[in-house]
Amino acid sequence: MLRRILGILGSNNQKIIEDTFGNPIASKILKHKDIVALKKLFHDIPFIYSQRYFYSLAFSRRFPVKILEQWVKQEPENADAHLVYGARLLKLAWKARGFGRGHDISAQQWQEFYALLDQTIEELETAARLKDDDPTPWVYLIMAAVYHSQGAETELRYYNEAGKRDPNNWHAHIHRLTGLSKKYGGSHQLMFDFVKNVQGQSADNNLLNCLVFKAHSEYWKYKSQFEGDEKAAENHANDPAVIAECLAVYESTLASNEYDSFDVLFARINATGLFHVLRQKEPLKTELKNLQGQLEDVHWTWVGTGWELRQAKLLSVLG
C-alpha cells in the first residue's frame, strides 16, 4: 500500500515516464508542454497507425487540456487536433467517474462522466470524418462506447470501422476484447470465443494471437478482484492447460518474431503480468528484460498485478 501511495504522489518526471512508457520523444514534448512539437510529430506520422495510437495515448493523461482545446479551435479541420483532444477527454471522463464499483460513484460523478464521454465521442467522430483512412479514432470510440454502455451493436460497428482501415490493429482488438469481458457486461465465454475466432483467422506468428494473454488475465482478475474468489483465481493460474496454451502462443510469437515496436510494447506488458500470475519464470524474465525502461508498476494495474513489479523482478531472477 505504501508503494502505491508513493507512486500516486510521485514526482512529475516519474509520472511523465509512466505516461510515455519512457519514450524520449513523447517525454520531452510532455515535459515542456510543447504543442508545436506535438503538432509536427503527428504531421509526420499520418499513416503510421501504431504510432498515432501510442503518442495520442502518451499525451492523454497529462497534456494540458486547455492547450489542446485551443488547437482544436484554431484548426477545426485538423484531424490530428481532434484525435489528441478526444483521447485526452476519454481519460478526463474516467477521472471524473473515479475508481470503484458503480454503486460507489455519486450522481454528480456519473453526470460529469457521461457528459465528457459525449464530448469525447463527438471529437473522435470528427477526427474520423476529417481523416477517413485512420483507424485510430475508431479504436478510441470502441472504448468510449464500452464506458458509455452504448451496447454491443455500437461497439461492434466501431470495431468493424477500425478493421476496415487496419485489419490487424492491435488496440482495436484489445478494446473489443475488453468490451466483451464480464466486467463490462459481456461474459468470459464471449471474451474467449472472440480470441479463438481471431486466432483461427491468423497465422501462428501473428501478434494478435497474444490476445490470449489479456483474456486469461481478465478472467483471473475478475475472479480475484471482482468476485473475491481467490480459490478460483488460483486454480486458473495453476491450470496446466492454461499454462500450456499461453506458453505455446508465446513461443510462436514474442519469443521468436519481431513486431512493430509500438504495438508489441502492449502485448509484452500483458504477457509479463500474466506470466507473473502463472509463475512462469523464464518468459517473465525474458520479457522484463525486453521491457527495460518501458514498464512501470502502474502499467501492471491493467492485468491486476499492479505494484508487484519489484517482487516479480526478484522472483524471475531468484526463482
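Residues numbered from 1 in each chain as written. Predicted model: local features only at pLDDT ≥ 70, side-chain atom pairs only at ≥ 80, totals over all residues. Heavy atoms only, no water.

K.L.:
Describe in detail the confidence of the model for the protein chain, supporting the description with residues and values.
P.N.:
Of all residues in the protein chain, 94% attain a pLDDT of 70 or more, and the chain-wide mean is 93. Below a pLDDT of 50 lies the segment residues 1-9, which in the model reaches 7 contacts outside its immediate sequence neighbourhood of four places, other chains included. (pLDDT = per-residue confidence, 0-100. Contact = heavy atoms within 4.5 Å.)

K.L.:
Would you mind going over helix H5 (residues 49-58) in detail, with residue names and values included?
P.N.:
Within H5, 10 of the 10 residues are buried, leaving the element largely enclosed by the surrounding structure. For H5, the full list of buried residues reads Tyr 49, Ser 50, Gln 51, Arg 52, Tyr 53, Phe 54, Tyr 55, Ser 56, Leu 57 and Ala 58. (Buried < 20%, exposed > 50% of the residue type's maximum accessible area, 1.4 Å probe, protein only. Helix = DSSP H or I, 4+ residues; strand = E, 2+ residues; numbered from the N terminus.)

K.L.:
Break down the nonpolar core for me, with residues and values.
P.N.:
Of all hydrophobic cores here, the largest spans 97 residues; its most connected members are Phe 59, Phe 213 and Leu 254. When sequence neighbours within four positions are dropped, the list of residues in contact with Phe 59 reads Ala 26, Ile 29, Leu 30, Leu 38, Leu 41, Phe 42 and Arg 88. (Core = buried A, V, L, I, M, F, W, Y, C linked by side-chain atoms within 4.5 Å.)

K.L.:
Please provide a residue-by-residue account of the pattern of salt bridges, values included.
P.N.:
Pairing is possible between side chains of opposite charge, provided their charged atoms come close. By the definition in use, this model includes 17 salt bridges. Ionic pairing is found between Asp 134 and Arg 52, a salt bridge with its closest N-O pair at 2.8 Å. Taken together, the residues Asp 134 in the loop between helix H8 (107-130) and helix H9 (136-148) and Arg 52 in helix H5 connect sequence positions 82 residues apart. Among the residues examined, Arg 52 registers a relative accessible area of 1% and is labelled buried. For Glu 161, the salt bridge identified is with Arg 165, shortest N-O distance 2.8 Å. Here the residue Glu 161 and the residue Arg 165 both occupy positions in helix H10 (residues 152-165), the gap between them amounting to 4 residues, near one helical turn. Assigned by exposure class, Glu 161 and Arg 165 land together as buried. Several salt bridges converge on common partners, so that one network encompasses Asp 132, Glu 161, Lys 164 and Arg 165. (Salt bridge = Lys/Arg side-chain N within 4 Å of Asp/Glu carboxyl O.)

K.L.:
Before we move on, can you summarise helix H4 (residues 35-43) with the specific residues and values?
P.N.:
Every α-helix winds through 3.6 residues per turn, so residues three or four apart in the chain are directed the same way. Turning to H4, its buried residues number three or more, namely Ile 35, Leu 38, Leu 41 and Phe 42. Taken end-on, H4 shows its buried residues confined to a sector of 115°, consistent with a single buried face. Away from its buried face by more than 90 degrees, H4 exposes Val 36, Lys 40 and His 43. Contacts made by the buried residues of H4 are with helix H3 (24-32), H5, helix H6 (65-74) and helix H7 (79-97). With a side-chain oxygen lying 3.2 Å from the backbone nitrogen of Val 36, the N-terminal cap of H4 falls on Asp 34. (Arc of directions from axis to C-beta. Polar contact = N/O pair within 3.5 Å; in protein donor to acceptor, adjacent residues only side chain to side chain.)

K.L.:
Describe the packing of aromatic side chains, naming the residues involved and giving the relevant values.
P.N.:
The full count for this structure, using the stated rule, is 21 aromatic pairs. Ring centres of Trp 110 and Tyr 114 lie 5.8 Å apart, and the angle between their planes is 20°; on these two criteria the pair is classed as stacked. Highlighted residues: Trp 110 and Tyr 114, both in helix H8, separated by 4 residues, approximately one helical turn. For Trp 110, a relative accessible area of 24% corresponds to the partly exposed category. The ring of Tyr 159 has Arg 176 sitting right over it, with the charged end atom 5.9 Å from the ring centre. (Phe/Tyr/Trp six-rings, centres within 6.5 Å; stacked < 30°, edge-to-face > 60°. Lys NZ or Arg CZ within 6 Å of the ring centre and 35° of its normal.)

K.L.:
Describe the environment of Glu 155, listing the residues and the values that go with them.
P.N.:
Turning to its location among the elements, Glu 155 is positioned in helix H10. Exposure remark for Glu 155: the relative accessible area of 8% places this residue in the buried category. Measuring from C-alpha to C-alpha, the distance between Glu 155 and Gln 70 comes to 30 Å, with 85 residues separating the pair along the chain. Apart from the residues lying within four places of it in its own chain, the contact partners of Glu 155 are Ile 142, Ala 145, Val 146, Arg 176 and Gly 179.

K.L.:
So what about unusual backbone geometry? Which residues, and what values?
P.N.:
The phi dihedral of Phe 21 falls on the positive side, at around 55°, and the residue is not glycine. Examined against the element boundaries, Phe 21 turns out to sit in the loop between helix H2 (12-20) and H3. On the basis of relative accessible area, Phe 21 is assigned to the buried category, the value being 2%. One non-glycine residue, Ser 149, lies in positive phi territory at about 55°. Turning to its location among the elements, Ser 149 is positioned in the loop between H9 and H10. Using a relative accessible area of 57% as the deciding quantity, one classes Ser 149 as exposed.

K.L.:
Now, about the packing of H9 against H10: what can you tell me, with residues and values included?
P.N.:
Interhelical geometry of H9 versus H10 gives an angle of 170° and a closest axis separation of 8 Å. In terms of orientation, H9 and H10 fall into the roughly antiparallel class. On the side of H9, the interface is formed by Trp 138, Val 139, Leu 141, Ile 142, Ala 145 and Val 146, while H10 contributes Thr 154, Glu 155, Arg 157, Tyr 158, Tyr 159, Glu 161, Ala 162 and Arg 165. Within the contact of H9 with H10, the residues separate by chemical class into 9 nonpolar, 1 polar and 4 charged. (Axes fitted to C-alpha atoms, helices over the stretch in contact; angles between N-to-C directions. Parallel < 35°, antiparallel > 145°, perpendicular 65-115°, else oblique. Nonpolar A, V, L, I, M, F, W, Y, C, P; charged D, E, K, R; others polar.)

K.L.:
Could you give an account of the side chain of Asp 297, with specific residues and numbers?
P.N.:
Relative to the helices and strands, Asp 297 is located in the loop between helix H17 (281-290) and helix H18 (309-318). Assessed through its relative accessible area of 11%, Asp 297 is described here as buried. A distance of 3.1 Å separates a polar atom in the side chain of Asp 297 from the backbone nitrogen of Leu 309.

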